[in-house]
Every structure is written in C-alpha cells, then in structure tokens.
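Results of the structural survey
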Amino acid sequence: MSLIFTRRAIMLGAGATLAGCDRIARHETVREALFSAENFHKWAQRRLMARDALAREFRPDQISPFFRPNGTSNPNTPEYKALWRSGFADWRLEISGLVNRPLSLSLPQLHQLPQREQITRHDCVEGWSAIGRWRGVPLALLLDAAGMKERARYIVFRCADRMGDGHAYYESIDMIDAFHPQTILAFALNDQPLRVANGAPLRLRVERQLGYKHAKYLMGIEAVEHLSGTGRGKGGYWEDHAGYDWYAGI
Ligand SMILES: Nc1nc2c(c(=O)[nH]1)N[C@H]1C(S)=C(S)[C@@H](COP(=O)(O)O)O[C@H]1N2
Ligand SMILES: [Mo]
C-alpha cells in the first residue's frame, strides 16, 4: 500500500490542491495513513520540498558526445535568418507583462550578468536523453531585475520558430520553477555558443521538467496572472496541440 500511495502522491505533483488531496483521501486505507497527524505533516513537507530540490548534476566525463536536437532544428523564418546573419547582434530578449520595469536585453548584456553552469540530463518525452553542460543567466536574476508585480503567477516563453499551424512555439512555468536555482536562460552548450539546432541564441533550461518545457529560440518572456490568454489556454504548444501535461515534473 505504501508504494502505491507514494506513487500516487508523485503523480499528483505539486499542482495538487486540497481537492486532489480529498480525492486520494476517499480510499480508507490511504486516509488512515495520510491523516495520522505525523504522516500528513511529513508528506506535505516532502511534497513542498520536492519542488525545490535540485536536479541531479553529472560529471564532465558523462557528457553525451552529441546533444541530439529535437523539434525545430532551425526556425528558418526571414526574421530569424536575418538575426542569425548578424550573429544575433540585433536580437533582443524582451521581458514584459506583469513587471515593474520591462527590459530589452542584448546577448552581450546577458553575457555580462552572473552566470551558472550545470551538467544535467535532458529527458524527452519521446524516450531519449542527453547529458550536456549548460551555461547561462539564472532566470531569477532577470525576474528580480524586472521586478515581478504581485499578481504575476506564471512566466510565458515566446519562441522564434513557427510550428505546423503557423503559430510560434511557446511554453510556460510557474514561479517555483522560474525561481529554481537551476532554471537558467542558456547561451552555451558544452562550452560552445548554443548552436541553431539546440536553440540559438538563447533557450530555457528548467531542469526539473521534461524536454518540451525547455523553450528554444527565445524572443520574449512575459509574466502573466493566468494562462488562459496564451495559445489555446493550456500554457504550451504541445499542451494545446497534443494534450501533453502542463506540469511535466521529473
Ligand atoms: N522553440 C522550440 N523549443 C523547443 C522545441 C521546439 O520544437 N521549438 N522542442 C522541445 C522538445 S520536445 C525538446 S525534447 C527539446 C529539445 O532540445 P534540443 O533540440 O536541444 O535537443 O526542446 C524543446 N523546446
Ligand atoms: Mo521532447
């Protein structure tokens, strides 16, 4: 029983509310285990802490020889091609939405900010993984610089590549992932500037989440209160078009 209980708790993820809690508690055995005061406390605490825990980091000798690209491997739009031709000199990351100070940052400006490096494993929902050394700016630092308004609850990422239906790729995460210490906007992979195939000039690394959350070809990030105003309202391209879970925690 305890194994099943643990797995269900994990499946519920951190998005679980008291409603989710009620649903599990309908099973009597679970209810007994759960609501003995001591266990409930431990369980709730573990769930909260789980969201903040670091993703595993690897040794340099574990880095994959080739970091396989997936999804778009070149946005190939006239706008992106022009940016690429200029070595991304004209590219800017726009930080907008529910912020006190909207920002527009060039690549050299991002390079001058404090950086973080991490060797992590990327897990794609299609069943492959790759280990890479990522370097970039902690997202928390940029969000602090822009100043989040009280109402901001999610960060939406806007990408340069257009999908089959002509809409740009987009993704979103909540503030727990946005301020997680391993969440960075990466401009380098394995000590090289990010290749086009892996998301040049800048891509999200959100290490506690599955691959599709790691938006490539970033153009803008926006703080919002609700996800209903983004795409079809599920918070991401694949969430909207293929029913992928918005919360893809691993
Ligand atoms: N803009 C954009 N970001 C994206 C995708 C995409 O098609 N477009 N694919 C996603 C998926 S499904 C995965 S697994 C990773 C792949 O990253 P990689 O190309 O560096 O391996 O990017 C994610 N981010
Ligand atoms: Mo993926």
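Being a predicted model, the structure only gives us computed values, none of them experimental. (Residues numbered from 1 in each chain as written. Chains lettered and ligands numbered in written order. Predicted model: local features only at pLDDT ≥ 70, side-chain atom pairs only at ≥ 80, totals over all residues. Heavy atoms only, no water.)

A word on unusual backbone geometry. The residue after Ala200, namely Pro201, is reached through a cis peptide bond having omega 0°. Relative to the helices and strands, Pro201 resides in the loop between strand 8 (192–193) and strand 9 (203–205). Even without being glycine, Asp191 reaches a positive phi, approximately 65°. Position of Asp191 among the secondary structure elements: in the loop between strand 7 (184–189) and strand 8. The phi angle at Tyr217 is positive, at roughly 50°, despite the residue not being glycine. Position of Tyr217 among the secondary structure elements: in the loop between strand 9 and strand 10 (218–224). With relative accessibility at 0%, the residue Tyr217 sits in the buried group. (Helix = DSSP H or I, 4+ residues; strand = E, 2+ residues; numbered from the N terminus. Buried < 20%, exposed > 50% of the residue type's maximum accessible area, 1.4 Å probe, protein only.)

The next point concerns helix 7 (residues 139–146). Of all the positions in helix 7, only Leu139, Ala140, Leu142, Leu143 and Ala146 are classed as buried. The buried side chains of helix 7 occupy one side of the element, clustering within an arc of 165° when seen end-on. One or two residues past the end of helix 7 sits Gly147, with phi positive at roughly 75°. (Arc of directions from axis to C-beta.)

Taken together, 21 residues lie near ligand 1, and Arg68, Asn70, Asp161, Asn198 and Lys216 sit nearest. A distance of 2.9 Å is found between an oxygen atom of ligand 1 and a side-chain nitrogen or oxygen belonging to Asn198. Between Arg203 and ligand 1, the recorded distance is 3.0 Å, taken from a side-chain N or O atom to an oxygen atom. Across the complex, the protein chains shield 98% of the 530 Å² of accessible surface that ligand 1 would expose by itself. (Near = heavy atom within 4 Å. Polar contact = N/O pair within 3.5 Å; in protein donor to acceptor, adjacent residues only side chain to side chain. Areas by Shrake-Rupley, 256 points an atom, 1.4 Å probe, with all protein chains shown as cover.)

With that settled, the discussion passes to the sheet that holds strand 6 (residues 168–174). Taken in spatial order, the five strands of this open sheet run 2-1-10-5-6, and their pairing is mixed. Every interior strand has two partners, whereas the edge strands, strand 2 (103–105) and strand 6, have only one. Sheet twist, expressed as the mean angle between neighbouring strand axes with direction ignored, is 20°. As paired elements, strand 5 (residues 154–162) and strand 6 share six bridges and run antiparallel to each other. Bridged to Phe157 within strand 6 is Glu171. (Pairing = 2+ DSSP bridges. Axes fitted to C-alpha atoms, helices over the stretch in contact; angles between N-to-C directions.)

Here the focus is the environment of Met163. You can see Met163 is positioned in the loop between strand 5 and strand 6. Taking relative accessible area as the criterion, Met163 reaches 14% and is therefore assigned buried. Residues Met163 and Gly71, 92 residues apart in the sequence, show an inter-C-alpha distance of 9.3 Å.

Strand 5 sits mainly inside the fold: seven of its nine residues count as buried. Counted between consecutive antiparallel strands, the loop separating strand 5 from strand 6 contains five residues, among which Gly166 sits at a positive phi close to 90°.

This brings us to the confidence of the model for the protein. Mean pLDDT over the protein works out to 88, with 80% of the residues at or above the 70 mark. The low-confidence segment residues 1–22, where pLDDT is below 50, has 18 contacts with residues more than four positions distant or belonging to other chains. (pLDDT = per-residue confidence, 0-100. Contact = heavy atoms within 4.5 Å.)

Moving on, we get to the pattern of salt bridges. Counted under the stated rule, the structure contains 13 salt bridges. The salt bridge partner of Asp61 is Arg59, with a shortest N-O separation of 2.9 Å. A residue is classified by how much of its surface remains accessible, and Arg59, at 48% relative accessible area, is partly exposed. For Arg205, the salt bridge is made with Glu207, and the minimal N-O distance between the two is 3.0 Å. Glu207 shares its class with Arg205; the two are buried. (Salt bridge = Lys/Arg side-chain N within 4 Å of Asp/Glu carboxyl O.)

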